Amino acid sequence: MLNRNLFKQPKNALESYDRHVKIPSPDAPDQMCVSCPDCKSILLTEDLSENFSVCPKCGYHFRMNARQRIDLIADAGSFQEMDAQMRSSNLLGFPNYEKKLWHARLESAENEGVVCGTAKIGGNVCGLFVMEPYYMMGSMGTVVGEKITRLFEYATEHSLPVVGYTVSGGARMQEGILSLMQMAKTSGAVKRHSDAGNLYIAVLTDPTTGGVTASFAMEADITLSEPKALIGFAGPRVIEQTLRQRLPAGFQRAEFVFEKGFLDDIVKRPDQKAYLAKLLALHGKGDPWKHTTE
Amino acid sequence: MEAYDRVTAARAKGRPTGLQYIQTIFSDFIELHGDRRFGDDPAIVAGVAQLCGMPVTVIAHERGGDTREKVRRNFGMAHPEGYRKALRQMKLAEKFGRPVVCFVDTAGAYCGIGAEERGQGQAIAENLMEMMTLNTPVISILIGEGGSGGALALAVADEVWMMENAVYSVISPEGCASILWKDKSKAREAARCLKMTAQDLLQMNVVERIIPEAERSFSQICDGLRSDLLETLRREKEMEPALLLQKRYERFRRIGSPDAD
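Each residue is numbered by its place in its chain's sequence as written, counting from 1. Labels follow written order: the first chain is A, the first ligand is 1, and so on. Restriction of local features to residues with pLDDT of at least 70 applies here, the model being predicted, together with a cutoff of 80 or more for giving and counting side-chain atom pairs; totals for whole chains, interfaces and linings are based on all residues. Computation of side-chain values: all heavy atoms of the structure, hydrogens and water removed.

Participant: Explain the overall build of chain A here, please?
Facilitator: Under the DSSP-based scheme used, a helix requires at least four consecutive residues in state H or I and a strand at least two consecutive residues in state E, with every element numbered from the N terminus. The number of helices and strands found in chain A is 10 helices and 9 strands. Looking at the 294 residues of chain A, the share that counts as buried comes to 57%. Considering only intrachain contacts with a sequence separation of at least 6, the fraction spanning at least 24 residues in chain A is 67%. On chain A, roughly 12900 Å² of surface is accessible, and the fraction owed to carbon and sulfur atoms is 53%. Summary of the burial criterion: residues with accessible area below 20% of their type's maximum are buried, those above 50% are exposed, and those between are partly exposed, where the area comes from a 1.4 Å probe applied to protein chains only. For this analysis, residues touch if any pair of their heavy atoms sits within 4.5 Å. For every accessible area listed, the method is Shrake-Rupley and the probe measures 1.4 Å; residues are considered covered only by the protein chains on display.

Rendered as structure tokens:
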């Protein structure tokens with residue numbers, strides 16, 4: 001079956017940005033091919049999965065779910081999940097929130113918007129969190145905040161570095177002020193982890209915005225990104241509506257954010273595992289001199 | 001009083017602004033400017049002052065009084081340099097062992113091209129992180145609108161107080177209504193759903209204290225705040241610094257935690 005969005009023309013640049021294509025998992029190939037939202041090439045799903053979900057024609061990085069990323073980054077069989085069963089409830093009694101949560105679970109096959117645990121990356125043990133775009137676009141509610149806080153607390157206790165993949169539309173509106181408070185809560189846990197001398201590497205993926213950008217996404221020792229990822233505080237639509245003007249091309253894309261000095265590097269998906277492994281190895285604890293070969 | 005009426009009251013023309021609170025509660029206020037990186041953001045004022053003779057650092061969003069002033073101050077919506085200025089003053093407070101008092105009144109951090117270019121998200125994130133371990137007592141008072149991350153960037157504190165008619169929310173009711181129901185006119189309903197009034201937040205343990213406004217003049221309110229601040233800061237001063245920071249961490253740690261009471 002062809003992707004439904006294949007023939008839909010975007011009305012403007014912003015709309016086309018939202019035309020992400022979900023890559024079916026290899027076990028359930030209900031789609032033979034997808035179209036690249038960037039270069040419009042028709043790609044075989046199989047070729048795409050083999051190429052790290054990166055378009056072989058133009059290098060567009062397709063959106064990936066958390067499990068696919070973990071498979072890509074963690075050494076085989078090394079990921080041990082924490083707090084897997086934690087689920088949100090409707091704390092404020094917000095209309096229709098339960099239904100939204102139910103849909104999000106169905107859509108993502110996850111219990112919440114982030115998957116946390118420990119893993120090895122190229123043999124280096126670390127805490128790992130990966131946000132889930134298909135769960136309410138990785139929005140941060142109390143459970144996401146709690147899981148990330150617990151991961152950093154665990155990593156502090158066990159002197160582990162943390163690697164975190166962010167993708168988020170921001171704070172979760174349906175949990176009101178409680179989700180805003182998660183920004184402070186996670187920031188506190190990151191700070192304690194940092195003050196104890198531990199490394200935190202964040203990889204910002206498309207899109208990372210709002211309350212997640214304004215908290216743990218921008219608090220890492222080393223901040224990386226995938227090519228062309230949208231990274232910002234306010235979303236482009238909100239800015240355009242506020243300013244009543246079109247934004248320049250490439251605004252808030254990883255390359256732009258890099259140029260402004262907020263990213264250490266932009267790393268293509270196929271290179272990320274080796275890159276992370278090298279960084280983790282370089283930040284091993286203890287006296288740097290003891291590693292000298294001279 | 002309905003939630004949205006509080007929103008209207010919090011935004012009302014003529015409502016006392018941050019600077020007015022500073023000038024009425026404290027004496028000898030000296031404003032200190034600039035973030036030493038880019039510029040001076042008039043949407044946030046900061047400096048040193050005396051609270052009954054004790055030196056304190058004061059920081060406030062300033063919306064501005066008349067139209068010209070409002071425009072100059074960008075209606076209290078700060079750019080990254082505003083948050084960086086605030087952090088610079090907090091670091092000075094830590095160095096000289098003075099407590100910090102913040103007045104929060106903003107629709108939100110400004111969303112514009114320059115703000116994004118200069119790292120609005122990064123600036124707020126840094127404040128959240130640094131305030132959590134700032135080694136001196138911090139009290140934040142929501143005096144009007146507490147809009148999302150832009151408000152929180154001055155509200156990671158040991159205690160957060162709220163004026164009776166102030167509001168504090170993750171998103172404006174208009175923003176919420178237009179995202180959820182594609183209809184800005186449903187802001188009234190959104191305000192109710194978001195639980196953004198002082199009463200709501202006290203119930204959820206997000207704020208410690210509500211400052212009554214009804215039938216009190218501004219100078220009476222400020223007299224009350226002066227003595228409340230003095231009393232609370234005195235109590236916090238006597239606390240072990242490590243304990244103070246531990247309590248501040250736990251204050252936020254328990255919010256939304258399934259282990260919380």
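Participant: Explain empty space enclosed by the protein to me, please; I cannot follow it from the model alone.
Facilitator: It is a probe the size of a water molecule, rolled over the atoms, that shows where empty space is left. Lining residues are those with an atom within 4 Å of a point, where the points come from a 1 Å grid over the protein atoms alone and group into cavities, where a 1.4 Å probe fits but cannot get out, or pockets, open sets with protein on both sides within 12 Å along at least five of seven lines. Grid points are joined across faces, edges and corners, and a volume is the space filled by probe spheres set on the points. Throughout the structure, instances matching the rule amount to 3 cavities of 30 Å³ or more. The space that makes up the largest cavity amounts to roughly 110 Å³. Around the largest cavity sit 16 residues that line it, and I231, G232 and V257 of chain A together with E116 and G119 of chain B are the ones nearest its centre. Those elements that place two or more of their residues in the lining of the largest cavity are helix 9 (254-259) of chain A together with helix 5 (113-117) and helix 6 (120-132) of chain B. Looking at the lining of the largest cavity residue by residue, the class counts come to 6 nonpolar, 7 polar and 3 charged. Think of it as three bins: nonpolar holds Ala, Val, Leu, Ile, Met, Phe, Trp, Tyr, Cys and Pro, charged holds Asp, Glu, Lys and Arg, and polar takes everything else, Gly as well.

Participant: Would you explain the packing of aromatic side chains in this entry?
Facilitator: What describes a pair of aromatic rings is the distance from one ring centre to the other and the angle between the planes of the rings. Two aromatic rings from Phe, Tyr or Trp, using only the six-membered ring of Trp, form a pair when their centres are within 6.5 Å; if the ring planes differ by under 30 degrees the pair is stacked, by over 60 it is edge-to-face, and anything between is tilted. The final tally for this structure, using the stated rule, is 9 aromatic pairs over all chains. Put simply, the rings of F129, F152, Y200 and F216 of chain A touch in pairs and so form one group of aromatic residues. Two limits define a charge over a ring: the Lys NZ or Arg CZ must be within 6 Å of the ring centre, and within 35 degrees of the ring normal. Geometry around F38 of chain B places R118 of chain B over its ring, the cationic atom sitting 3.8 Å from the centre. It is R251 of chain B that lies over the ring of F252 of chain B; its NZ or CZ is 4.9 Å from the centre.

Participant: Hey, could you run me through unusual backbone geometry in this one?
Facilitator: Both trends apply: most residues other than glycine have a negative phi, and most peptide bonds are in trans. Following D206 of chain A, the chain continues into P207 of chain A via a peptide bond in cis, with omega recorded as -15 degrees. Position of P207 of chain A among the secondary structure elements: in strand 7 (residues 200-208). The residue A109 of chain A is not glycine, and still its phi comes out positive at about 60 degrees. Tracing the chain through its elements places A109 of chain A in the loop between helix 4 (97-108) and strand 4 (114-121). Notably, N205 of chain B is not glycine yet its phi reads approximately 60 degrees, a positive angle. Take N205 of chain B: it is sitting in the loop between helix 10 (198-203) and strand 8 (209-211). Residue classification places N205 of chain B among the partly exposed residues on the basis of a relative accessible area of 41%.

Participant: Explanation requested: the interface of chain A and chain B in the structure shown.
Facilitator: Accessible area lost when the parts come together is the quantity often used to give the size of an interface. On the side of chain B, 47 residues touch chain A, which itself brings 50 residues to the contact. By convention, the term buried area covers the 1.4 Å-probe accessible surface removed from two parts as they join, with the contributions of both added. Regarding the contact of chain A and chain B, the summed buried area is about 4000 Å², with carbon and sulfur atoms giving 73% of it. When the area that chain A buries against chain B is broken down by residue, the three leading residues are M173, I177 and F233 of chain A, summing to 16%. The salt bridge criterion pairs a side-chain nitrogen of Lys or Arg with a carboxyl oxygen of Asp or Glu, the two atoms within 4 Å. The tally of links between chain A and chain B comes to 2 salt bridges. Polar contact is defined as a pair of N or O atoms within 3.5 Å, subject to the rule that within protein one atom must be able to donate a hydrogen and the other to accept it, and that residues adjacent in sequence are counted only when both atoms are side-chain atoms. Remark: the boundary between chain A and chain B carries 13 residue pairs in polar contact (both at pLDDT 80 or more). Those elements that place two or more of their residues in the side of chain A that touches chain B are helix 5 (142-157), helix 6 (176-195) and helix 8 (236-243) of chain A. Looking at which element gives the most residues to the side of chain A that touches chain B, the answer is helix 6 of chain A, with 18 residues.

Participant: What's the story with the sheet that holds strand 7 of chain A in this structure? I'm lost.
Facilitator: Strand pairing in a sheet takes place through backbone hydrogen bonds and is either antiparallel or parallel in direction. Residues and elements named next belong to chain A. Two strands pair if DSSP finds at least two bridges between them. What the 7 strands build is an open sheet, ordered 3-4-5-6-7-8-9; its pairing is mixed. Whereas interior strands pair on both sides, the edge strands pair on one side only; in this sheet they are strand 3 (80-82) and strand 9 (265-266). Summarising the sheet, strand 8 (residues 222-225) and strand 9 pair through 2 bridges and their orientation is parallel. Within strand 9, the residue paired with L224 across the bridge is D265. Together, strand 4, strand 5 (124-131), strand 6 (162-168), strand 7, strand 8 and strand 9 form the strand contacts of helix 10 (residues 269-282), whose direction differs from that of strand 7 by roughly 155 degrees. Axis lines are fitted to C-alpha atoms, over the contacting stretch for helices. Their N-to-C directions set the angle, which ranges from 0 to 180 degrees.

Participant: Mind showing me how you'd approach the environment of A234 of chain A here?
Facilitator: You can see A234 of chain A is positioned in the loop between strand 8 and helix 8. Residue classification places A234 of chain A among the buried positions, given a relative accessible area of 9%. Separated by 18 residues in sequence, A234 of chain A and Q252 of chain A place their C-alpha atoms 9.6 Å apart. In this view, A234 of chain A contacts I239 and Q252 of chain A together with C111 and E116 of chain B; residues no more than four positions away in its chain are not counted.

Participant: Sorry, what's going on with the environment of S185 of chain B here?
Facilitator: Residues and elements named next belong to chain B. Relative to the assigned elements, S185 resides in the loop between helix 8 (173-180) and helix 9 (187-194). With relative accessibility at 61%, the residue S185 sits in the exposed group. S185 sits 35 residues away from Q220 along the chain, and the two C-alpha atoms are 36 Å apart. In this structure the side chain of S185 is engaged in a polar contact, spanning 2.6 Å, whose partner is the side chain of D183.

Participant: Teacher, can you tell me more about helix 4 (residues 80-96) of chain B here?
Facilitator: Structural remark: α-helix, 3.6 residues per turn; residues separated by three or four positions point the same way. Residue and element names in this part refer to chain B. For helix 4, built from 17 residues, the straight-helix expectation of 24 Å at 1.5 Å per residue is met to within 8% by its first-to-last C-alpha distance of 25 Å. Along helix 4, the positions that sit buried rather than exposed are P80, E81, G82, Y83, R84, K85, A86, L87, Q89, M90 and A93. Just beyond helix 4, the residue with positive phi is G97, at close to 65 degrees. Helix span, as expected, comes to 1.5 Å for every residue beyond the first.

Participant: Just checking my understanding: could you explain the nonpolar core for this structure?
Facilitator: For soluble globular proteins, nonpolar side chains are generally found buried alongside one another. To form a nonpolar core, buried Ala, Val, Leu, Ile, Met, Phe, Trp, Tyr and Cys residues must be joined to one another through side-chain atoms within 4.5 Å. If you look at the biggest cluster of nonpolar residues, it comprises 133 residues, and the most contacted ones within it are F129 of chain A together with F26, F103 and Y168 of chain B. Ranked by the residues each element gives to this core, the list is headed by helix 6 of chain A, at 8 residues. With 23 residues, the next largest nonpolar core counts A66, A74, A119 and L128 of chain A among its residues.

Participant: Could you clarify how one ought to interpret the confidence of the model for chain B in this entry?
Facilitator: The predictor rates its confidence in each residue with pLDDT, a number between 0 and 100. Considering every residue of chain B, the mean pLDDT works out to 95; 99% of them sit at 70 or more. Across the interface, the model reports ipTM at 0.96; the global pTM reads 0.92.

Participant: Just to check I follow, could you spell out the side chain of S140 of chain B for this structure?
Facilitator: Mapped onto the secondary structure, S140 of chain B falls in strand 5 (residues 138-147). A polar atom in the side chain of S140 of chain B sits 2.6 Å from the backbone oxygen of L154 of chain B.

Participant: What exactly am I supposed to notice about the packing of helix 2 (residues 18-25) of chain B against helix 11 (residues 218-237) of chain B here?
Facilitator: The geometry of a pair of packed helices is captured by two quantities: the angle between their axes and the separation between those axes. Residue and element names in this part refer to chain B. Close contact between helix 2 and helix 11 brings their axes to 9 Å; oriented N to C, the two are set at 65 degrees. In terms of orientation, helix 2 and helix 11 fall into the roughly perpendicular class. Between helix 2 and helix 11 lies a crossing whose hand is right-handed. Here Q20, Y21, T24 and I25 of helix 2 come into contact with helix 11, specifically with F218, C222, L225, R226 and L229. Across the contact of helix 2 with helix 11, the residue classes break down as 6 nonpolar, 2 polar and 1 charged. Each angle receives one of four descriptions, namely roughly parallel if under 35 degrees, roughly antiparallel if over 145, roughly perpendicular if within 65 to 115, and oblique otherwise. In this scheme the handedness of a crossing depends on how the near helix is turned from the far one: anticlockwise by less than a right angle means left-handed, clockwise means right-handed.

Participant: I tried to follow the packing of helix 6 of chain A against helix 6 of chain B on my own but got confused; where do I start?
Facilitator: Packing of helix 6 of chain A against helix 6 of chain B leaves a shortest axis separation of 8 Å and a crossing angle of 65 degrees. Between helix 6 of chain A and helix 6 of chain B, the interaxial angle falls into the category roughly perpendicular. For the pair helix 6 of chain A and helix 6 of chain B, the crossing hand works out as right-handed. For the pair helix 6 of chain A and helix 6 of chain B, contact is made by M183, A184, S187, G188, V190, K191 and S194 of chain A and by I124, L128, M129, E130 and M132 of chain B, respectively. Taken together, the residues of the contact of helix 6 of chain A with helix 6 of chain B break down into 7 nonpolar, 3 polar and 2 charged.

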